[in-house]
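Structural features, examined
Letter by letter, the chains look like this.
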Amino acid sequence: MVSFFKFFGKDISALTLGLMNNIGSSQESEKLKLYTKAYDLGINSFDSSPNYLNGYSDIFLGKLVKEIGRENVFVSNKVYFANPYSDFSNTLKSSHIISTLEGSLKNINTDYLDCLILHRFDYSTPIIESLEAIKYLLSQGMIRSWGVSAFSVEQLMDYIFISNQIGIPPPIIGQYAYNFFNRSIEKELNSVALNKKINLFTYYPLAQGVLTGKYSGKTYKSRA
């Protein structure tokens, strides 16, 4: 049975299905069947990024949203890495955030994201610049909330502090790797997220296949 959390009065599944690199465009019809089946079983949260499969992830998500209905799903997307929508690469500059978001909305065929996630911390861009872009997108209704991915506790707290200073809601999502081999979030981040009411969206639950036994007795390369 899938559990849920509340978002804008809607029940959102605690399980999120990502669209990273699992099935390519050559098997789109089968992929669509898989994701709509997941929805039928109670999963209504889907996570993409414009740099996944060079933008195809967003295009596929748009087809999935059309199939299911925009009002029935929670859509999260990301910004930081190079992608087809922006002239910049690997940054949280204001112009990159806005142009990336506009490109994603167009390909997903939606007017807004439920959550825009800052994919990585940017050491070269002032936090205030990134958050002013978030503030603008919130004010325009292009995003309903925001989150972070793979930030350290200190980086997360800096973003929360400055978001309070400029008058925007704090992040609602924190995305972090979590599995049998990688339990680092238990040290400090988990208690911070609980205290700040941040929903942890964990990824690599099977350590990218290692925990399935796929690589048993073999030499393998993995990002786990």
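Located above this text is the structure these notes cover.
A brief structural summary. Please read these numbers as outputs of a predicted model, since none were measured by experiment.

Take the overall build of the protein next. A tally of regular secondary structure across the protein gives six helices and nine strands. A compact globule built from 224 residues should have a C-alpha radius of gyration of about 17 Å, and the protein, at 17 Å, falls within 12% of that. For the protein, the spread of C-alpha atoms along the principal axes amounts to about 50 × 40 × 35 Å. Burial statistics for the protein: of 224 residues in total, 47% are counted as buried. About 11,700 Å² of surface is accessible on the protein, with carbon and sulfur atoms providing 52% of the total.

Below, the discussion takes up unusual backbone geometry. Although it is not a glycine, L53 sits at a positive phi angle of roughly 50°. Along the chain, the position of L53 falls in the loop between β4 (45-47) and α2 (56-68). At A150, a position not held by glycine, the phi torsion is positive, near 65°. Examined against the element boundaries, A150 turns out to sit in the loop between β7 (146-149) and α5 (153-166). Exposure remark for A150: the relative accessible area of 33% places this residue in the partly exposed category.

A separate point is the pairing of strand β6 (residues 115-118). Along β6, one buried face is formed by C115 and I117 and the opposite face, lined by L116 and L118, is buried too. Sheet topology note: the strand β5 (residues 74-79)/β6 ladder contains four bridges and is parallel. The partner of S76 across the bridge, within β6, is C115. Handedness of the crossover is the feature at issue here: the chain leaves β5, passes through helix α3 (residues 94-108), returns alongside β6, and the resulting connection is right-handed. Alignment of β6 against β7, held across three bridges, turns out to be parallel. Along β7, the bridge assignment pairs L116 with W146.

Attention now moves to the packing of α2 against α3. Orientation of α2 relative to α3, taken along the N-to-C sense of each, is 45°, at an axis distance of 7 Å. Classed by the angle they form, the pair α2 and α3 counts as oblique. Residues D58, I59, L61, G62 and V65 of α2 form the contact with α3, whose participating residues are S104, N107 and I108. Tallied by class, residues from the contact of α2 with α3 come to four nonpolar, three polar and one charged.

Next up on the list: the sheet that holds strand β8 (residues 173-177). Ordered by their spatial adjacency, seven strands build an open sheet running β3-β4-β5-β6-β7-β8-β9, and the pairing between neighbours is parallel. Lying at the two open borders of the sheet, with one neighbouring strand each, are β3 (16-18) and β9 (199-203). For this sheet, the mean inter-axis angle between neighbouring strands, taken without regard to orientation, is 25°. In the sheet, β8 pairs with β9 via five bridges, with the strands oriented parallel. Residue pairing in the sheet places Y176 in a bridge with T202 of β9.

With burial as the criterion, only one face of strand β1 (residues 4-7) is covered, namely that bearing F5 and F7; the residues F4 and K6 on the opposite face remain uncovered. Counted between consecutive antiparallel strands, the loop separating β1 from strand β2 (residues 10-13) contains two residues, among which F8 sits at a positive phi close to 50°.

Before going further, it helps to examine the nonpolar core. Of all hydrophobic cores here, the largest spans 44 residues; its most connected members are L116 and Y159. Ranked by the residues each element gives to this core, the list is headed by α2, at six residues. Here L116 is in contact with N77, K78, V79, I97, L101, I134, L137, I143, S145, W146 and G147, once residues within four sequence places are set aside. Membership of the second largest hydrophobic core comes to nine residues, among which are I12, F74, C115 and I172.

The rules behind the values
- Per chain, residues are indexed from 1 in the order of the written sequence.
- Only residues with pLDDT of 70 or above have their local features reported here, since the model is predicted, and side-chain atom pairs are shown and tallied only from 80 upward, although totals for entire chains, interfaces and linings are computed over all residues.
- Excluding hydrogens and water, the side-chain values take into account all heavy atoms of the structure.
- Each helix is a run of H or I in the DSSP string that is no shorter than four residues. Each strand is a run of E no shorter than two, and both are numbered from the N terminus.
- Using C-alpha atoms as the atom set, the radius of gyration is obtained and then compared with a globule rule of 2.2 Å times the number of residues to the power 0.38.
- Only protein chains enter the accessibility calculation, which uses a 1.4 Å probe; a residue whose area is less than 20% of its type maximum is buried, one above 50% is exposed, and one in between is partly exposed.
- The Shrake-Rupley method, run with a 1.4 Å probe, gives the accessible areas here. Residue values count only the displayed protein chains as cover.
- In this scheme, strands are said to pair when DSSP sees at least two bridges between them.
- Handedness of a crossover is defined as follows: with both strands directed away from the viewer, a clockwise route from the first strand across the helix to the second makes it right-handed.
- With axes taken as lines fitted to C-alpha atoms, and helix axes fitted only over the stretch in contact, angles between N-to-C directions fall between 0 and 180 degrees.
- Convention used here: angles under 35 degrees read as roughly parallel, angles over 145 as roughly antiparallel, angles from 65 to 115 as roughly perpendicular, and any remaining angle as oblique.
- Here, two residues are considered to be in contact whenever any of their heavy atoms come within 4.5 Å of each other.
- Gly is placed with the polar residues, together with every amino acid not listed as nonpolar (Ala, Val, Leu, Ile, Met, Phe, Trp, Tyr, Cys and Pro) or charged (Asp, Glu, Lys and Arg).
- Residues belong to one nonpolar core when they are buried, are Ala, Val, Leu, Ile, Met, Phe, Trp, Tyr or Cys, and are joined through side-chain atoms within 4.5 Å.

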